[in-house]
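If you want the building blocks of each chain, they are given just below.
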Amino acid sequence: RAKMNRRGGYEYFTRSMGVEIRERVLLMHALRAAFEHEKLFLVFQPQIDMRDGRVTGAEALLRWKTDDGRFIPPDQFIPIAEYSGLIVDIGEWVLRTACFELVHLRSLGYTDFQMAINVSQVQFSHPLFMQSLNKALEDTKVPPHFVELEITESMAMKDPELLIKTLQQIKQLGMSVSIDDFGTGFSSLSHLQKLDVDKLKIDRAFVNEIQKNSSEGSIAKMIVQLGQNLGLSIIAEGVESEMQANTLLSYDCHIAQGYLYSKPLTRDDLHAWLATR
Ligand code: C2E
Ligand code: MG
Ligand code: MG
Ligand code: MG
């Protein structure tokens with residue numbers, strides 16, 4: 001009986017793998033077509049100074065709406081874009097589109113607005129990455145100091161030398177860099193200290209964990225202290241309640257992004273939202 005179970009389990013495993021791979025390939029073709037037909041778009045989630053409600057900027061987030069009106073979440077299609085290499089072109093498009101939007105916002109008078117842009121590890125380690133950054137700056141004429149690239153902690157570990165070199169080049173261009181989802185990637189602190197980054201983004205899992213004002217030893221609090229010790233800025237992501245906001249403020253973390261303030265907004269909705277503030 002045990003034997004039969006094992007066999008059954010094995011067959012089930014290979015069968016479901018087959019389905020999974022086929023689905024992935026289908027999704028990859030659909031994603032490529034969507035990208036080529038300009039069906040991908042960006043939304044923008046505001047970032048706020050919780051002390052006075054001032055908008056400091058926004059994070060650009062990619063969206064894919066299929067022809068039958070379904071949204072496929074980025075957590076699902078970004079890995080496919082990375083795996084297939086499509087992320088290089090998509091990422092370049094994201095970068096340019098976000099920079100153009102920033103230029104547009106500046107023309108509307110939002111001249112102190114920071115645009116945060118996610119960069120995938122695959123994109124970042126591509127030999128032409130710096131060239132595409134340069135070109136985006138040239139073509140959009142956006143002032144680089146208002147552009148912030150978000151990299152992930154796991155990226156920080158893959159190829160430290162390439163990372164350090166690329167970070168230096170980004171800094172020379174005048175852009176800033178933040179570490180996204182900080183606290184989830186197990187990067188070593190000594191390594192972090194060597195990286196020329198500007199900001200840590202507390203992962204929303206740790207914001208979610210915040211219970212009461214006096215949560216001694218909360219990970220969010222430790223990250224804020226770590227950032228202060230390293231002279232880095234801090235932003236909390238996924239802030240959903242006043243209690244979380246107040247607790248973060250009591251930790252000396254002032255900048256936040258989350259549903260408490262705004263969901264990610266389409267470009268038009270962002271303009272309308274900004275105009276009411
Ligand atoms: P991320 O960069 O950590 O982005 C933050 C995610 O948290 C976004 O999910 C955002 O919608 C969500 N979020 C923000 N505030 C709240 C909140 O208060 N509550 C909850 N429950 N969620 C909140 P989204 O847009 O689904 O993106 C998921 C991930 O996909 C991103 O995580 C990022 O890793 C990746 N991604 C999105 N756009 C791009 C892109 O243009 N390029 C690359 N390489 N990755 C991207
Ligand atoms: Mg991000
Ligand atoms: Mg994040
Ligand atoms: Mg994330």
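Small disclaimer: the values here were computed from a predicted structure and weren't measured. (Residues numbered from 1 in each chain as written. Chains lettered and ligands numbered in written order. Predicted model: local features only at pLDDT ≥ 70, side-chain atom pairs only at ≥ 80, totals over all residues. Heavy atoms only, no water.)

Q: Where do I start with the overall build of the protein in this structure?
A: Within the protein one finds 12 helices and 9 strands. For 277 residues, the compact-globule estimate of 2.2 N^0.38 gives 19 Å, and the C-alpha radius of gyration of the protein, at 20 Å, lies within 12% of that figure. Of the contacts made within the protein by residues no fewer than 6 positions apart, 70% connect residues no fewer than 24 positions apart. Per element, the accessible surface of the protein, about 14,900 Å² overall, is 53% carbon and sulfur. For the protein, the distance from the average position of its 30 positive side-chain charges to the average position of its 36 negative side-chain charges is 6 Å. (Helix = DSSP H or I, 4+ residues; strand = E, 2+ residues; numbered from the N terminus. Rg over C-alpha atoms; globule rule 2.2 N^0.38 Å. Contact = heavy atoms within 4.5 Å. Areas by Shrake-Rupley, 256 points an atom, 1.4 Å probe, with all protein chains shown as cover. Lys, Arg positive; Asp, Glu negative; His and termini not counted. Charge placed at Lys NZ, Arg CZ, Asp CG, Glu CD.)

Q: Help me out: how do you make sense of the coordination of the magnesium ion (ligand 2) in this one?
A: By definition of the ideal shapes, four donors in a tetrahedron about a metal sit 109.5 degrees apart, and six donors in an octahedron sit 90 or 180 degrees apart. Looking at the magnesium ion (ligand 2), the protein donor atoms are Glu-59 (OE), Asn-118 (OD1), Glu-150 (OE) and Asp-180 (OD), and they sit 1.9 to 2.2 Å from it. Here the donor residues for the magnesium ion (ligand 2) map to a single chain with the spacing E-x58-N-x31-E-x29-D. The metal-metal distance between the magnesium ion (ligand 2) and the magnesium ion (ligand 3) is 4.1 Å, with Asp-180 serving as a donor to both. Of this pair, Glu-150 sits in strand β5 (residues 147–152) while Asp-180 sits in strand β6 (residues 176–182), and the two are 30 residues apart along the sequence. With a relative accessible area of 1%, Glu-150 lands in the buried category. Residue classification places Asp-180 among the buried positions, given a relative accessible area of 6%. (Donors = N, O, S within 2.8 Å, 3.2 Å for Na, K, Ca; no water. Buried < 20%, exposed > 50% of the residue type's maximum accessible area, 1.4 Å probe, protein only.)

Q: Help me understand the side chain of Ser-120 in this model?
A: Among the secondary structure elements, Ser-120 is positioned in the loop between β4 (114–118) and α4 (121–124). Its relative accessible area of 8% is what places Ser-120 among the buried residues. Of note is the side chain of Ser-120, whose polar atom sits 3.0 Å from the backbone nitrogen of Val-122. Non-local contacts of Ser-120, meaning those with residues more than four positions away in its chain, are made with Glu-82, Ile-87 and Met-155. (Polar contact = N/O pair within 3.5 Å; in protein donor to acceptor, adjacent residues only side chain to side chain.)

Q: Just to check I follow, could you spell out the confidence of the model for the protein for this structure?
A: Detailed reading of the predicted coordinates is not advisable wherever pLDDT falls low. Across the protein, the average pLDDT comes to 90, with 90% of residues at or above 70. The low-confidence segment residues 1–13 (pLDDT under 50) makes 0 contacts with residues lying over four places distant or belonging to another chain. Scoring of the predicted complex yields 0.92 for pTM and 0.98 for ipTM. (pLDDT = per-residue confidence, 0-100.)

Q: Got a minute to help me understand the site of ligand 1 in this structure?
A: As a matter of local geometry, ligand 1 sits amid 22 residues, with Arg-63, Asp-180, Arg-204, Glu-240 and Tyr-259 nearest to it. Between Asp-181 and ligand 1, the recorded distance is 3.0 Å, taken from a side-chain N or O atom to an oxygen atom. Coverage of ligand 1 by the protein amounts to 87% of the 800 Å² it exposes when considered alone. Listed by contribution, the elements that provide at least two residues to the shell around ligand 1 are β2 (55–65), α2 (74–84) and β6. It is β2 that provides the largest number of residues to the shell around ligand 1, a total of 4 residues. Of the residues assigned to the shell around ligand 1, the class counts are 8 nonpolar, 5 polar and 9 charged. (Near = heavy atom within 4 Å. Nonpolar A, V, L, I, M, F, W, Y, C, P; charged D, E, K, R; others polar.)

Q: Hey, could you run me through helix α11 (residues 242–250) in this one?
A: Three- or four-residue spacings in an α-helix give side chains the same orientation, since the helix completes a turn every 3.6 residues. All buried positions along α11 are accounted for by Gln-244, Ala-245, Thr-247 and Leu-248. The arc that holds the buried residues of α11, viewed along the axis, is 165 degrees, so those residues lie on one side. Residues of α11 that are buried make contact with β7 (199–202), α9 (204–208) and β8 (233–237). Immediately beyond the C-terminal end of α11, within one or two residues, lies Asp-252, with a positive phi of roughly 85 degrees. (Arc of directions from axis to C-beta.)

Q: Got a minute to help me understand helix α12 (residues 267–275) in this structure?
A: Among the residues of α12, Leu-270, His-271, Trp-273 and Leu-274 are the ones counted as buried. Buried residues of α12, seen end-on, are gathered within an arc of 165 degrees and therefore sit on one face of the element. More than 90 degrees from the buried face of α12, the exposed residues found are Asp-268 and Ala-275. Buried residues belonging to α12 abut β1 (40–49), β2 and α3 (87–107).

Q: I would appreciate a short explanation of the nonpolar core in the present structure.
A: Soluble globular proteins tend to pack their nonpolar side chains together in the buried interior. The biggest cluster of nonpolar side chains holds 76 residues, and the ones touching the most others in it are Leu-149, Ile-202 and Leu-248. At 8 residues, the largest contribution of residues to this core is made by α3. Beyond its immediate sequence surroundings of up to four residues, Leu-149 is in contact with Leu-95, Ile-117, Val-119, Phe-129, Leu-133, Ile-170, Met-175, Ser-176, Val-177 and Ser-178. (Core = buried A, V, L, I, M, F, W, Y, C linked by side-chain atoms within 4.5 Å.)

Q: Before we go on, may I ask you to explain the pattern of salt bridges in this structure?
A: For side chains of opposite charge, pairing can occur when their charged atoms come near one another. Under the criterion given, the structure shown has 13 salt bridges. Asp-49 is the salt-bridge partner of Arg-51, the closest N and O atoms lying 2.9 Å from each other. Judged by relative accessible area, which is 54%, Arg-51 ranks as exposed. A relative accessible area of 3% means that Asp-49 is categorised as buried. A single network of salt bridges, built from pairs that share partners, joins Glu-59, Glu-150, Lys-201 and Glu-237. (Salt bridge = Lys/Arg side-chain N within 4 Å of Asp/Glu carboxyl O.)

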